[in-house]
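Residue-level listing of the chains:
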Amino acid sequence: MATSIEKSLFAIVDVETTGGKPSQSKITDIGIIITDGSNIIEEFSCLLNPEKPIDPFVIKLTNITNEMVSNQPIFKDCAVKINNLLKDCIFVAHNADFDFQMVRKEFLEIGIPFQVSKICTVKLTKSIFPNLSSYSLKNVCEYFDITLENAHRAYQDALATAHLFHHLCCLLYTSPSPRDRQKS
C-alpha cells in the first residue's frame, strides 16, 4: 500500500444513474480511469442494466435510454472487475460524494464492503482557484482548455476529470508551497 499521495494510484470515476437521489437510484454507466497523477494506466467503461426505469430527465441529459441498458450486465456481473480496479486506489471524482455514494451503495447491495480514500476535484479546484464563476465539469474544462466531448456519459466525463486532475496535480507538485513562498 502506498504511504504517500505522490506514490499512489488514483481511480478517476464517473457514473451516470437512473435519477438524482443516490438512495433511490442505480448506476447505468460507469467510467474508470486509473492514473498515477500524470499518466493514464488503465481505462474501463461499461453500460449497466439498472433493473429499473431511467428518469425521463436523465434520459434527456445523458442520452442513455432504457433500451440501451436493457441487455447490458447488471452491476453484480461487473463488481469483481470494478472492485479490482478501485481497491488499491484513491477514488477521485468531480463531485466525489455523489459518485462515491453510488458506487458504495451498489457494492453494499451485493454484500461487498467498499471503503477507500477519496478526492473531489470540485473541492480541489475551489481550493486552488477560489474565484471561478462555476465549478461544473463543463465550465472547469473550458477554463483549463480541456476537451470534454459527449458530456454526461461516464467515460467521457471520467476522461475529462482525469485530465483536470493531472493539471491540478502538476500545479500542486510544481508550485512552491505557502511556506516556501514566505521564505523568498
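Our subject is the structure that appears above.
This write-up is about the structure you can find in this document. (Residues numbered from 1 in each chain as written. Predicted model: local features only at pLDDT ≥ 70, side-chain atom pairs only at ≥ 80, totals over all residues. Heavy atoms only, no water.)

A few points about the pattern of salt bridges
One pass over the structure, following the stated rule, counts seven salt bridges. Lys 118 is paired through a salt bridge with Asp 97; the nearest N and O atoms lie 2.9 Å apart. Highlighted residues: Lys 118 in strand S5 (residues 118–120) and Asp 97 in helix H4 (residues 96–109), separated in sequence by 21 residues. The class of Asp 97 is partly exposed, set by a relative accessible area of 36%. One salt bridge in this structure joins Lys 105 and Glu 109, with 2.9 Å as the shortest N-O distance. On the criterion of helical spacing, the pair formed by Lys 105 and Glu 109 is a turn pair, its members being four residues apart in helix H4. One connected set of salt bridges, linked through shared partners, spans Lys 26, Lys 105, Glu 106 and Glu 109. (Salt bridge = Lys/Arg side-chain N within 4 Å of Asp/Glu carboxyl O. Helix = DSSP H or I, 4+ residues; strand = E, 2+ residues; numbered from the N terminus. Buried < 20%, exposed > 50% of the residue type's maximum accessible area, 1.4 Å probe, protein only.)

Some thoughts on the nonpolar core
Ranked by internal contacts, the top residues of the largest apolar core, which has 50 residues, are Ile 30, Ile 32, Ile 82, Leu 86 and Val 103. Ranked by residues supplied to this core, first place goes to helix H7 (residues 154–174) with seven residues. When sequence neighbours within four positions are dropped, the list of residues in contact with Ile 82 reads Ile 30, Ile 32, Phe 44, Phe 75 and Phe 107. Leu 47, Ile 54, Val 58 and Ile 64 belong to the second-largest nonpolar core, a separate cluster that totals five residues. (Core = buried A, V, L, I, M, F, W, Y, C linked by side-chain atoms within 4.5 Å. Contact = heavy atoms within 4.5 Å.)

A short note on the packing of aromatic side chains
Counted according to the given criterion, the structure contains nine aromatic pairs. Measuring from ring centre to ring centre gives 5.3 Å for Phe 91 and Phe 100, while their planes differ by 90°; the resulting arrangement is edge-to-face. For the pair Phe 91 and Phe 100, one class covers both residues: buried. One aromatic cluster in this structure is built from Phe 75, Phe 91, Phe 100, Phe 107 and Phe 114. (Phe/Tyr/Trp six-rings, centres within 6.5 Å; stacked < 30°, edge-to-face > 60°.)

So, the pairing of strand S2 (residues 27–35)
With nine of nine residues buried, S2 lies mostly within the body of the structure. Across eight bridges, the pairing between strand S1 (residues 10–17) and S2 is antiparallel. By the bridge assignment, Val 13 is partnered in S2 with Ile 32. Bridge count for S2 against strand S3 (residues 40–47) is seven bridges, and the pairing is antiparallel. Pairing of Ile 33 across the sheet is with Glu 43, part of S3. Hairpin connection between S2 and S3: a loop of four residues separates the two successive antiparallel strands, and Gly 37 in this loop has a positive phi of roughly 105°. (Pairing = 2+ DSSP bridges.)

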